Amino acid sequence: MFFSGDPTSRKRVALGGRSSKERDTQKLMEQTRMERDRRLWQRKQNAAAIIIQKCFRGRKAAKAERAKVREQFLSRYGSYCQNTDRRCFCEDSDYLRQLFFFFNARNAGDYTVLVETCRGMLNLVQDNVNIVSLFAGVDYLAVHALVDHRVKNLAYICILSLYQNRSRFRQQLLVPDAESVMQSTVLLEAVAALIDPKLPWACKTVSYICHRNVFALFREIVLAERENVKTSSSTGKQSGVEHILGFMISHTGQNSCTCPNVDPQFSFSSQMLTVPFLWKFFPSLKGVFSTLGLSQHYIHQMSLCLQNHANLLPGDISAEYPGYACLLGNILEAAGVTLSQPACPFEMAIDLAAVTTFLLEALPPIKSSTQKAKEDAAMIEEDADSGDDIQIALDEDLERQIISSIDSRFMLQLVSCQYALINILFGGISSVGDDRSVVAIGAACAFLHVTFNTLPIERIMTVLAYRTELVRVLWEFMKNCHDNKRWSSLPEHLSLVPGDAPGWLLPLAVFCPVYKHMLMIVDNEEFYEQERPLSLRDIRSLIVILRQALWQLLWVSPTHPNASAKTALRGNTSKQNPYEFVKNKVSIVASELLSQLQDWNNRREFAPPSDFHADGVDDFFISQAVIDGTKANEIMKLAPFLIPFTSRVKIFNSQLVAIKQRHGPHGVFARNRFRIRRDHILEDAYNQMSALSEEDLRGLIRVTFVNELGVEEAGIDGGGIFKDFMENITRAAFDVQYGLFKETVDHLLYPNPGSGLIHEQHLQFFHFLGSLLAKAMFEGILVDIPFATFFLSKLKQKFNYLNDLPSLDPELYRHLIFLKHYQGDIAGLELYFVIVNNEYGEQTEEELLPGGRNLRVTNENVITFIHLVSNHRLNFQIRQQSSHFLRGFQQLIQKDWIDMFNEHELQLLISGSLESLDVDDLLTHANYAGGYHKEHYVIDMFWDVIKGFSLENQKKFLKFVTGCSRGPLLGFKYLEPLFCIQRAAGNASDEALDRLPTSATCMNLLKLPPYRSKEQMKAKLLYAINAEAGFDLS
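Residues numbered from 1 in each chain as written. Predicted model: local features only at pLDDT ≥ 70, side-chain atom pairs only at ≥ 80, totals over all residues. Heavy atoms only, no water.

**A look at the overall build of the chain**
For the chain, the helix and strand inventory stands at 46 helices and 10 strands. Residues counted as buried form 51% of the 1034 residues belonging to the chain. Restricting to contacts in the chain with at least 6 residues of sequence separation, those with at least 24 account for 77%. (Helix = DSSP H or I, 4+ residues; strand = E, 2+ residues; numbered from the N terminus. Buried < 20%, exposed > 50% of the residue type's maximum accessible area, 1.4 Å probe, protein only. Contact = heavy atoms within 4.5 Å.)

**Here's the deal with the pairing of strand 2 (residues 701–706)**
Each regular strand shows side chains that alternate between the opposite faces of the sheet. The buried fraction of strand 2 amounts to five of the six residues, a majority that puts the element mostly inside the structure. As paired elements, strand 1 (residues 672–677) and strand 2 share six bridges and run parallel to each other. Bridging from a neighbouring strand, Arg673 pairs with Arg702 of strand 2. (Pairing = 2+ DSSP bridges.)

**Some words on the packing of helix 3 (residues 108–126) against helix 6 (residues 183–194)**
For any two helices packed against each other, one specifies the crossing angle of their axes together with the interaxial distance. One can describe the packing of helix 3 onto helix 6 by two numbers: an axis separation of 9 Å at closest approach and a directional angle of 55°. Classified by the angle their axes make, helix 3 and helix 6 are oblique. With respect to the hand of their crossing, helix 3 and helix 6 are arranged in left-handed fashion. Here Tyr111, Leu114, Val115, Cys118, Arg119, Met121 and Leu122 of helix 3 lie close against helix 6, whose contacting residues are Gln183, Ser184, Val186, Leu187, Glu189, Ala190, Ala193 and Leu194. Across the contact of helix 3 with helix 6, the residue classes break down as 11 nonpolar, two polar and two charged. (Axes fitted to C-alpha atoms, helices over the stretch in contact; angles between N-to-C directions. Parallel < 35°, antiparallel > 145°, perpendicular 65-115°, else oblique. Left-handed = near helix turned anticlockwise from the far one by under 90°. Nonpolar A, V, L, I, M, F, W, Y, C, P; charged D, E, K, R; others polar.)

**Focus: the environment of Ile157**
By the secondary structure assignment, Ile157 is in helix 5 (residues 144–164). As a C-alpha pair, Ile157 and Leu114 span 43 residues in sequence and 8.5 Å in three-dimensional space. For Ile157, the residues in contact, after removing those within four places along its chain, are Phe100, Phe103 and Leu114.

**Brief notes about the sheet that holds strand 8 (residues 980–983)**
The strand order across the open sheet built from four strands is 7-8-10-9, with neighbouring strands paired in mixed fashion. Each edge of the open sheet carries a strand with a single partner, namely strand 7 (927–929) and strand 9 (998–1000). In this sheet, adjacent strand axes meet at a mean angle of 25° when their direction is disregarded. By the bridge criterion, three bridges tie strand 7 to strand 8 in an arrangement that is parallel. Of the residues in strand 8, the one forming a bridge with Ala929 is Gln982.

**Let's talk about helix 17 (residues 396–405)**
Buried residues of helix 17: Leu398, Glu399, Gln401, Ile402, Ile403 and Ser405, and no others. One side-chain oxygen at the N-terminal end of helix 17 lies 3.0 Å from the backbone nitrogen of Asp397; it belongs to Asp395. (Polar contact = N/O pair within 3.5 Å; in protein donor to acceptor, adjacent residues only side chain to side chain.)

**Regarding the UniProt feature "active site" (unreviewed entry) in the chain**
UniProt's feature table lists "active site" (unreviewed entry) at Cys1002, given in the numbering used throughout. In this structure, Cys1002 sits in the loop between strand 9 and strand 10 (1005–1008). (UniProt positions renumbered as here; feature names shortened; annotations may be inferred.)

**Some thoughts on unusual backbone geometry**
A cis geometry characterises the amide bond from Arg532 onward to Pro533, with omega recorded as 5°. Mapped onto the secondary structure, Pro533 falls in the loop between helix 24 (524–529) and helix 25 (536–556). A cis geometry characterises the amide bond from Glu976 onward to Pro977, with omega recorded as -15°. With respect to the helices, strands and loops of the structure, Pro977 is situated in the loop between helix 44 (951–962) and strand 8. Of note, the phi angle at Cys81 is positive, near 55°, even though the residue is not glycine. Of note, the phi angle at Gln797 is positive, near 55°, even though the residue is not glycine.

**Description of the environment of Ile863**
Its place among the elements puts Ile863 in helix 38 (residues 862–876). Overall, the relative accessible area of 32% leaves Ile863 in the partly exposed class. Distance from Ile863 to Lys820, taken between C-alpha atoms, is 6.7 Å for residues 43 residues apart in sequence.

**Describing the packing of helix 14 (residues 323–339) against helix 17**
Packing of helix 14 against helix 17 leaves a shortest axis separation of 9 Å and a crossing angle of 35°. The chirality of how helix 14 crosses helix 17 is left-handed. Of helix 17, the residues touching helix 14 (which contributes Ala325, Cys326, Leu328, Gly329, Asn330, Leu332 and Glu333) are Leu398, Gln401, Ile402 and Ser405. Here the contact of helix 14 with helix 17 is built from residues that sort into six nonpolar, four polar and one charged.

**Some words on the packing of aromatic side chains**
The tally for this structure, following the rule as stated, stands at 51 aromatic pairs. Each ring, one from Phe73 and one from Tyr77, has its centre 4.8 Å from the other, and the planes form 50°; the classification is tilted. Of this pair, Phe73 and Tyr77 both sit in helix 1 (residues 20–77), four residues apart, which is roughly one turn of the helix. A relative accessible area of 0% means that Phe73 is categorised as buried. Take Tyr77: its relative accessible area is 4%, and that puts it in the buried class. For Lys631, the ring lying beneath its charged end belongs to Trp555, and the centroid distance is 4.7 Å. Over the aromatic face of Phe778 sits the side chain of Lys660, whose NZ or CZ is 5.2 Å from the ring centroid. (Phe/Tyr/Trp six-rings, centres within 6.5 Å; stacked < 30°, edge-to-face > 60°. Lys NZ or Arg CZ within 6 Å of the ring centre and 35° of its normal.)

Here is the structure:
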């Protein structure tokens, strides 16, 4: 239609969207659908009502029929079954059929009828009536189906009645000597008579009631009674419940038993073994369960459930009694009896290790009383809102049951049982790939690893180290795998790690802590001479394995790139990710063991130091090691021995440089200037410098010496005088004549235990000396102070052990080793747990233990005595002096820096070594000025003269030109500035050549006149370096 020009005839558009007709259609369809749904729901309601009514009518009719049958039964046989006889139990009697039909355990009358029925049956049996003929007549086989049905139901309703009426039988059901007239006793004796193993229907009856979950009923019965009956009496009699359970658990479907397998969820293991302290109520049942066949069956059944990851345990009784912990305690207690029996099967030990490993892993860590006391004290200082998950502690008695079960005897039996097979399979572990041996290694290592991280291990560690072949067997396994370059994968269901995990991971997690513990107890003769427990050759191979494993874990495939291994262990990694936890744990224990082996190597070298160095350390690694938070930095903290010593020294120096740079402009100008009298150097330095703050110590310190005449020496301290001051004051302070330090027989220094008898402020002096030593290291000044190794351990905050004692008192060490290997009765030597201290003629007696004066040393406690004596001499006597020295030392030198070095390396860091004075190295890195050059004849003569000096004169010369008698630790290349020889006396006149050489120690500069002969040069140099004229010659 064309536009007509009339604006009023526009097309009308509905802005509401759909038309009204369309909206009406949609509404109609929705109403129709709702109506259809309503009719459908109404039909369902009607159908459900019909079903409910039918069920109700059926139940009502059944109830009425039961009441009718009950009334007929009571009228015929009496309310107390007084009208019954043996014919009531025969196959053609309706007595039991009617009883089963109307019986209700909650009905008091029905319960009385059941009790009297059982009493009548027991009376007949006691009158020598054969129970089979009582129920079956003369031909059991002809009517066995009916008889079996009646016996099964009778046994079940007896147990059900006990369960339903358990509140009525307080203090009756678990009493061993309960009177037979008691109703509960009658029912229990009836069940025991019906399931007697000699009866033909025993297996069918036990199988039936087991499938009816009677173990769960017995569980509730025992739990209801356990508060009233703490333990079973020691009369030797069994309670009725214990008697029945003893019969039932023997039905395992093996040998002559025809019982089918019971659902594990309703089995004796899951229902009864989760009752806390089960064996306290049923001691005889414990003996039955501990027989090899039964315990092997049930433990194997549990191990299969673990492989299928099935959680079959009933609900926990309470937070303090979780089911898995109760199960573990009961299994371990019974397993101690099983393992003590001869010919314990290997498979049984493997299954036991797998089950206990799984259950132990679920436990929260159990701590010793000492650990609990420390943590309780620490918690007082911590905030309540720490953000950590709150772990509910186990009941103390339950903890005690678990800990006491995994005792030294249990560990010895379990490990010996597993490794006995390995020794039989291959005397020398030649066929290391044998499947059974790998299973044994995996099961034992998984169990021990979890045990170490869950239970206090103080008692069992010594047993594993000295009374089992654990170390030898694990070492042979790892050695052969390493030599063959093929590590066997451990079974995943046994070993807590995935199948593709390194085969060395779990064995190292167990081997390292046990061998480390062993090394703390063995003496030097056993380790070096007798080569026990491992030969020195084997130890070198072990070092390689540990080094490669550490490098793999820490650098190649680290677990937590942004967190240290020790930090990771503080969390819940053990529960959330066991594999990561094992890797972290191995990183720590392997580094600790490798560090300990390095200490042994430092005492007497059996392996080159390079054996401890990882192959992958390069310049990139070194550059990363100085940056906090990097992998390399974490490796430096956890396993510094993997990095060569020279690289660590460079890292240490770079850290010092960074600190000095952060110190800012204050480090450029000396704010602290001191006048020091040479003949009172220690007193003046202490009086003026002991109050310096940490910031002042980091800054420049300048010294002006005053000679014996009270005149200031001419030198200007540009750094050289301070170096001379540090060398002189350390020589004076650490002189044994001053009384703060003493010498060992090897002339090594350690704090004088009697320093307080000489100096009233001796502890303040030790603090000052610690800060002085730190200042020397901070400035890169080497000082000639040979410290004893056991004192250097204190700078690293380490504990000293028996093997450190020879450096302090070799005679005492020999006496203690004599006691350790003494074959006679040590009690006859009349030794007690006391030690006599003799300081400057004053003898004092100290007890090594409370009451030690009355505690005699015997063969049983001699090892404890030896280590207490060592601890007293190496740690306790010098604890105050070492503590104050360390506080002063840590004002400048952080603990993380010192932890990069072992004690031997720390001594090199302090004093350098004799090899550090290398004349050829000094020649290579020397500069020349004033007309001298490398080919100059005077320079040739000079180097010939220096090389001809004795070592003592070479050290004096070095001090003369640098202010320090020791060269830089990494060589003269790192001398700041480089050594320089400058021509002195511009002309070569006789008067000029008569001058002595002089030096500027702050510039490491030697001003050498051009002498004409070697003899003249030698005489002038010797005179200058021995003149001890201070800085008046400069």
